[in-house]
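Structural overview
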Amino acid sequence: TVLCSHSLEWRHCLSAAGPQKLIVELQGVGRRRQLSVGVLHGDIELRLVGSLGGMLSESGVTAQVHAEEQRRTDTMRLVFESLDRWWASYHELYRARNVRLFAQTEGS
């Protein structure tokens, strides 16, 4: 049985020398996604082999994470715009039908 699902953004460890504290509230899945099933406390650390010269800058890691979030947001916006156009044309063709649109992702 799956109790929860969580996507951990670990890449901030690429710019940190030493362990990073981690506190995450774990949400349920499915119909229980709005319920908290627990809290995870931990430390996360990336151990490099060799010198610390391989560390990335915090601004570089943050910029990459932000760029990926922006791409994801733009993609979702395009999907919803396409859905709106489809719904407008579909709804005109079958106005008498009672249709409800429902979409859910693991993150929503």
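Since this is a predicted model, take the numbers as computed values, not measurements.

Focus: the packing of aromatic side chains
Applying the stated criterion across every chain yields a total of three aromatic pairs. Consider the rings of Trp86 and Tyr90, whose centres lie 4.9 Å apart with planes at 15°: the pair is stacked. Here Trp86 and its partner Tyr90 are both found in helix H1 (residues 58–93), four residues apart, which amounts to about one turn of the helix. On the basis of relative accessible area, Trp86 is assigned to the partly exposed category, the value being 41%.

Quick notes on H1
Taking 1.5 Å of rise per residue, 36 residues should cover 52 Å, and H1 covers 53 Å from first to last C-alpha, within 8% of that figure. Where H1 is concerned, the buried positions are Val61, Val65 and Tyr90.

Overview of the side chain of Arg11
On the secondary structure map, Arg11 appears in the segment before strand E1 (20–27). On the basis of relative accessibility, which here comes to 18%, the residue Arg11 falls in the buried class. Side-chain polar atoms of Arg11 contact the side chain of Glu9, separated by 2.8 Å. If near-sequence neighbours (up to four positions away) are discounted, Arg11 is found in contact with Val61, Gln64, Val65 and Glu68.

Things to note about the layout of surface pockets
Left-over empty space is what a probe sized like a water molecule reveals as it rolls over the atoms. As a volume, the second largest pocket reaches approximately 180 Å³. Ser7, Leu8, Glu9, Arg11, Val65, Glu68, Glu69 and Arg72 together form the lining of the second largest pocket. Its residues placed into classes, the lining of the second largest pocket shows two nonpolar, one polar and five charged.

About the cut-offs
- Residues numbered from 1 in each chain as written.
- Predicted model: local features only at pLDDT ≥ 70, side-chain atom pairs only at ≥ 80, totals over all residues.
- Heavy atoms only, no water.
- Phe/Tyr/Trp six-rings, centres within 6.5 Å; stacked < 30°, edge-to-face > 60°.
- Helix = DSSP H or I, 4+ residues; strand = E, 2+ residues; numbered from the N terminus.
- Buried < 20%, exposed > 50% of the residue type's maximum accessible area, 1.4 Å probe, protein only.
- Expected span 1.5 Å × (residues − 1).
- Polar contact = N/O pair within 3.5 Å; in protein donor to acceptor, adjacent residues only side chain to side chain.
- Contact = heavy atoms within 4.5 Å.
- 1 Å grid on protein atoms, 1.4 Å probe; cavity = no way out; pocket = protein on both sides within 12 Å on 5 of 7 lines; lining within 4 Å.
- Points joined across faces, edges and corners; volume = space filled by probe spheres on them.
- Nonpolar A, V, L, I, M, F, W, Y, C, P; charged D, E, K, R; others polar.

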